[in-house]
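Descriptive structure summary
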Amino acid sequence: MYCRGGLNLLYKGLSRPIGRTTKPVWGSLSRSLVLSPQWRIPEFNSFVARTNTCGELRSSHLGQEVTLCGWIQYRRQNIFLVLRDFHGLVQVVIPQEESAASLKKMLCEAPVESVVQVSGTVISRPPGQENPKMPTGEIEIKVKTAELLNSCKKLPFEIKDFVKKTEALRLQYRYLDLRSSQMQYNLRLRSQTVMKMREYLCNLHGFVDVETPTLFKKTPGGAKEFVVPSREPGKFYSLPQSPQQFKQLLMVGGLDRYFQVARCYRDEGSRPDRQPEFTQIDIEMSFVDQTGIQSLIEGLLQYSWPKDKDPVVVPFPSMTFAEAVSTYGTDKPDTRFGMKIVDISDVFRNTKIGFLQDVLSKPQGTIKAICIPEGAKYLQRKDIETIRKFAGEQFNQEVLPLLLKANRNWNSPVAKSIMEEERLGLIRLLEIQEEDTVLLTAGEHKKTCSLLGKLRLECADLLEARGVVLRDPSLFSFLWVVDFPLFLPKEENPGELESAHHPFTAPHPSDIHLLYTEPEKVRGQHYDLVLNGNEIGGGSIRIHNAELQHYILASLLKEDVKLLSHLLQALDYGAPPHGGIALGLDRLICLVTGAASIRDVIAFPKSFQGHDLMSNAPDYIPPEDLKPYHIQISRPTDSEAEKSSLNHPAHPES
């Protein structure tokens, strides 16, 4: 059955009023920007050949003459066909009279997914033939005339949600995949969400929608950027990875409240569930603090949240970066379930177990554990072996499985060496129940937290694969993570610093004095919004003082300040205090719809490897087209190509 319940709920949502205020947005400046109440249901049949959509007809339409346009979903015994459009399905009765032989022939011979226009009368279905699973199941259309608008050739796959298709095939024939009810629902919900966000920001809170340039220049920090050649030899544009500098410059320009549905670009190579081009809801405000930005976003999400989901409850809980890492092993914790990391060092202060004594004797040494509920019941010996192998290979750490209230043959030998006092201490601290499994590891704080954070998620996957419900898919658990470090040591050179967020983030007021003595200890005014273990937004209060910005760029980050001279100059001309945030629209809609991938909420996404399988982009350009840009292509040698293929093995497009 072609399910349209979600779409019907979407359309009901569209008929709700969007606001009653009649106040001007900006006093005398905006006398013409008055909000008018909008109570009308969207008119889907204006300007087109149809009188109605396929999904809207009910018993109240009996006797009406209608014209419908859509695709043939399927045919039954050459007596009925089901017509589909974006709104739903309706059953059409194929005439059987000899006088309508040509009409019957056309409707019976038109291939499935052909586009037709039919006109006829809305009639009741015969008693006993109603279909309660179909919104239009009480009626059918008695056809009088029909026209085949376009015949469909043999399809590469059936347009039905239950038919399994490889993602490569879906992307190759994306225009067909878009006809599925799930893709229709996802894209229409995305559209409706963005519209509600515009209403909230622009109509209710006076934000200005400003488009910023796509062609910019390469700037320091952040992800790799795509470059675009110019006709000036050796000079290139860059595609912005975000409108960060522009939105700050708009604050210098007095726009006060900026918003944009911004297209962004990052050349991150082959990364799962990432896109080289993506969309964010970009926001910046003057004279605001962190609390103001957080309140704005909470209200924005509450206002734009889909009506078919449980309402968003505000305010969202907040957690420091240090607390998130210590408790969950990550700065984007999924708080829908427990299995928190617990420091159990004190339990083993007087332990006789040698390697635990060694760890605790070191300055950063710590012992931590997580408790897997009913792990003894659901985890198998091979699972424990996989976990221990992962810890050894990825973290060079030992993980010990402990069963303190159960007995299994894969219990660690260390469990037998634990004293009764230590055993009782663990049971109390970890709140261990019958059949629970404890995973214990010892080492440096950050390393042990990171390892247990990954094992926490891995064990959740294992338990859910065996029927345990830990992460309710209908539950949306928002969390603010705050007080990030302003700087991190560079991976390739730990003696140097890089920005944890970006170089324009303001330091925490209490830590400014540390900038000149111990910069690695400075906290930033950076905040992330996390939903169900996924970062969906990030922002900060910005540096609005040119001298401070110059010091951080030149002295601490060792960046070439000439590349940012325009921004530094602007900050010297009366820049107001300002801050902002960007919400990842693709990720947000993916989580709301429960889609398997962000590619399922983007109309025309790229594959895993950044390819457009439909048009075969990126593609080669003839040398004569490159000549105006003073570019020559150096083809890799066979050995270089072979080396590249080893470093980047072929991956199924997904």
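Rules and cut-offs
Positions within a chain are numbered from 1, following the residues in the order the chain's sequence is written. pLDDT decides what is reported in this predicted model: residues at 70 or higher carry local features, side-chain atom pairs at 80 or more are listed and counted, and totals for whole chains, interfaces and linings draw on all residues regardless. Computation of side-chain values covers all heavy atoms of the structure but excludes hydrogens and water. For each structure, a 1 Å grid was placed over the protein atoms alone; sets of points admitting a 1.4 Å probe that cannot get out are labelled cavities, open sets with protein on both sides within 12 Å along at least five of seven lines are labelled pockets, and lining residues have an atom within 4 Å of a point. Grid points are joined across faces, edges and corners, and a volume is the space filled by probe spheres set on the points. Secondary structure elements are taken from DSSP: a helix is a run of H or I of four residues or more, a strand is a run of E of two residues or more, and numbering for both begins at the N terminus. When residues are grouped by polarity, Ala, Val, Leu, Ile, Met, Phe, Trp, Tyr, Cys and Pro land in nonpolar, Asp, Glu, Lys and Arg in charged, and all others, Gly among them, in polar. Any pair of Phe, Tyr and Trp rings, taking the six-membered ring for Trp, is counted once the centres come within 6.5 Å. Such a pair is stacked with planes under 30 degrees apart, edge-to-face with planes over 60 apart, and tilted for the rest. For every residue, the accessible area (1.4 Å probe, protein chains only) is compared with the maximum for its type, and the residue is labelled buried under 20%, exposed over 50%, or partly exposed between those bounds. Whether two strands pair comes down to DSSP finding at least two bridges between them. Note on contacts: a residue pair qualifies if any of its non-hydrogen atoms lie within 4.5 Å across the two residues. Axis definition: a line fitted to C-alpha atoms, over the contacting stretch in the case of helices. Angles run 0 to 180 degrees between N-to-C directions.

Time to look at the layout of surface pockets. Empty space among the atoms becomes apparent when a probe as large as a water molecule is rolled across them. In this model, the second largest pocket occupies a volume close to 910 Å³. Contributing to the lining of the second largest pocket are 30 residues, with Phe226, Gly610, Pro618, Asp619 and Ile621 lying nearest its centre. Sorting the residues of the lining of the second largest pocket by element identifies β7 (227–229) and α18 (623–626) as the ones contributing at least two each. Among the residues forming the lining of the second largest pocket, the class breakdown is 14 nonpolar, six polar and 10 charged.

Turning our eyes to something else, we now look at the packing of aromatic side chains. Tallied over the full model, the rule gives 11 aromatic pairs. The interplanar angle of 45 degrees and the centroid separation of 5.5 Å between the aromatic rings of Tyr200 and Tyr303 together place this pair among those described as tilted. With Tyr200 in helix α5 (residues 181–205) and Tyr303 in helix α7 (residues 290–304), this pair connects stretches of sequence that are 103 residues apart. The buried category is assigned to Tyr200, whose relative accessible area is 10%.

Taking strand neighbours across the sheet as the criterion, the eight strands line up as β6-β9-β10-β21-β20-β19-β16-β11 in an open arrangement whose pairing is mixed. Edge positions in the sheet fall to β6 (208–209) and β11 (318–320), since each has one partner strand and no second. Helix-sheet contacts for helix α6 (residues 244–252) involve β9 (257–265), β10 (277–286) and β21 (578–584), and the interaxial angle to β10 is about 25 degrees. Where helix α8 (residues 321–328) meets the sheet, it contacts β11 and β16 (478–482), and its direction lies at approximately 85 degrees from that of β11.

In this section: unusual backbone geometry. A cis amide bond, omega 0 degrees, links Val314 with the succeeding residue Pro315. For the bond running from Ala617 to Pro618, omega is 0 degrees, close enough to zero to count as cis. Structurally, the position occupied by Pro618 is in the loop between α17 (585–593) and α18. One non-glycine residue, Met339, adopts positive backbone phi at about 55 degrees. Relative to the helices and strands, Met339 resides in the loop between α8 and β12 (342–343).

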